[in-house]
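# An overview of the molecular structure
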Amino acid sequence: MLRGLVLDYAGVLTDPEAADLLDAVDTLRHRGIRTALLSNADGSRGGLARHFDALVFSGEVGIAKPDPRVFRLTAERLGLPATGCVMVDDSRANIDGATAAGMVGVHHTSVPDTLAELSALFPA
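Here the structure is a predicted model, which means the values were calculated and not measured.

## Concerning the packing of helix 4 (residues 68-78) against helix 5 (residues 92-101)
- Running from amino to carboxyl end, helix 4 crosses helix 5 at an angle of 60°, the nearest separation of the two axes being 8 Å. For the element pair helix 4 and helix 5, the recorded crossing hand is right-handed. For the pair helix 4 and helix 5, the contacting residues are P68, F71 and R72 in the first and N94, G97, A98, A100 and A101 in the second.
- Tallied by class, the residues present in the contact of helix 4 with helix 5 amount to five nonpolar, two polar and one charged.

## Some remarks on the pattern of salt bridges
- Taken as a whole, this structure holds five salt bridges when the rule is applied.
- A salt bridge links K65 to D8, with the nearest nitrogen and oxygen atoms 2.6 Å apart. Highlighted residues: K65 in the loop between helix 3 (58-61) and helix 4 and D8 in the loop between strand 1 (4-7) and helix 1 (9-13), separated in sequence by 57 residues.
- Exposure remark for K65: the relative accessible area of 6% places this residue in the buried category.
- Each member of the salt-bridge network shares a partner with another, and the members are D8, K65 and D89.

Here is what the cut-offs are and how they apply
- Residues numbered from 1 in each chain as written.
- Predicted model: local features only at pLDDT ≥ 70, side-chain atom pairs only at ≥ 80, totals over all residues.
- Heavy atoms only, no water.
- Axes fitted to C-alpha atoms, helices over the stretch in contact; angles between N-to-C directions.
- Helix = DSSP H or I, 4+ residues; strand = E, 2+ residues; numbered from the N terminus.
- Left-handed = near helix turned anticlockwise from the far one by under 90°.
- Contact = heavy atoms within 4.5 Å.
- Nonpolar A, V, L, I, M, F, W, Y, C, P; charged D, E, K, R; others polar.
- Salt bridge = Lys/Arg side-chain N within 4 Å of Asp/Glu carboxyl O.
- Buried < 20%, exposed > 50% of the residue type's maximum accessible area, 1.4 Å probe, protein only.

Right, dumping it as structure tokens:
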């Protein structure tokens, strides 16, 4: 059962329509889905921390995407197995790393497409 959602920063949360994605993150979080921000960008916290249960920055943990270990570490910080998490990233290589760790991968190409995939993965 999927109980965790992990999002990339650059390319996903920098999308011009990212506010719609963050609304969905908040809705899922209120439904009990654990959320994390996983980024290779340097400490892009901004006002995003309130949307996430965990913030993982590659520079701080010493492991960068697409290394499967960083995805497993992020799931661990959520208190979940990697197999219970979905990773949203705009990089195909990072999605490959997440799936190698056991996560379900969602390749972000647009906010509407990502929202449709998340609706299917986390039905109401």
